[in-house]
Amino acid sequence: MRTQTITLSLLAALCSSVSALAFNGTGQLRTVYNRPPHDDLGCLTKDGKWTVDEPLCGVFTAVRTGNYNDYTLSAEGSGPCGIDHIYFTCGEGVTPRIFSTWGDNVPAPGLTVLRVGQYGVFATDAPDSPPPPGAEPLRIHFYSASEKGKYAWLGWKEL
Ligand SMILES: *[C@@H]1O[C@H](CO)[C@@H](O)[C@H](O)[C@H]1NC(C)=O
């Protein structure tokens, strides 16, 4: 009985993770710890900065380009999202970037994350990340392995 319950809830979890396409329509960009079990470490603000303050989470629109797993992103009340030098950023005048994923359930089951080419792990310049509650959101950039704090993938939470 117990095994059956666990199997059914696992099945439900798997089904719900494939019922809607990640990075399609309206959602939040969640910062997901790149180490198992891939905890949710907050979200990105409308400017593309890392925060743990939920009311600051931006609302993003993802539009598929027609190519497999390719899409553009923009943030409500801000603007298109792109990569400014190495920083992920959204705002007026930002050159829109075509983002991709590695496919559903990659790099981990139930997880679909943003990538640009081979890069998908983000870090900050701060002594620690994520920033504590109430702190200024932090800009993020592709990690180089020398940064302090936790590294994150950008996952999608459909709204
Ligand atoms: C993708 O988004 C469009 C527009 O919001 C929606 O019509 C479509 O059903 C979505 N596709 C999937 C697979 O979620």
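For the protein chain, the name recorded in an unreviewed UniProt entry is RNase T2-like C-terminal domain-containing protein, with Humicola insolens as its organism.

Visitor: How do you make sense of the packing of aromatic side chains when you look at a structure like this?
Guide: Each aromatic ring pair is summarised here by two numbers: the centre-to-centre distance and the angle between the ring planes. Inspection of the entire model under this criterion finds seven aromatic pairs. With 4.9 Å between their ring centres and 10° between their planes, phenylalanine 23 and tyrosine 71 make a pair best called stacked. Note that phenylalanine 23 is positioned in the loop between helix 1 (2–19) and strand 1 (25–33) and tyrosine 71 in strand 5 (residues 70–75), a separation of 48 residues in sequence. Here phenylalanine 23 falls in the buried class, since its relative accessible area comes to 0%.

Visitor: What exactly am I supposed to notice about the state of the cysteines here?
Guide: A covalent bond between the sulfur atoms of two cysteines is referred to as a disulfide. Under the defined criterion, the tally for this structure stands at two disulfides. Put simply, cysteine 43 and cysteine 57 are joined by a disulfide, and their sulfur atoms are 2.0 Å apart. What sets the handedness of the cysteine 43 and cysteine 57 disulfide is the S-S torsion sign, and at about -95° it is left-handed. Linking cysteine 43 in strand 2 (residues 40–44) with cysteine 57 in the loop between strand 3 (49–51) and strand 4 (60–64), this pair joins segments that are 14 residues apart in sequence. Classification of cysteine 43 as buried rests on a relative accessible area of 0%.

Visitor: Would you mind showing me how to read the nonpolar core here?
Guide: Nonpolar side chains in soluble globular proteins tend to be buried together. Leu73, Phe88, Phe99 and Leu114 are the most contacted members of the largest nonpolar core, which totals 25 residues. Elements with a minimum of two residues in this core: strand 1, strand 2, strand 4, strand 5, strand 6 (79–84), strand 7 (87–90) and strand 15 (152–158). Sequence-distant contacts of phenylalanine 99, defined by excluding residues within four places in its chain, comprise Asn69, Asp70, Tyr71, Leu73, Cys81, Gly82, Ile83, Phe88, Leu114, Arg115 and Val116.

Definitions and cut-offs
- Residues numbered from 1 in each chain as written.
- Predicted model: local features only at pLDDT ≥ 70, side-chain atom pairs only at ≥ 80, totals over all residues.
- Heavy atoms only, no water.
- Phe/Tyr/Trp six-rings, centres within 6.5 Å; stacked < 30°, edge-to-face > 60°.
- Helix = DSSP H or I, 4+ residues; strand = E, 2+ residues; numbered from the N terminus.
- Buried < 20%, exposed > 50% of the residue type's maximum accessible area, 1.4 Å probe, protein only.
- Disulfide = S-S within 2.5 Å.
- Core = buried A, V, L, I, M, F, W, Y, C linked by side-chain atoms within 4.5 Å.
- Contact = heavy atoms within 4.5 Å.

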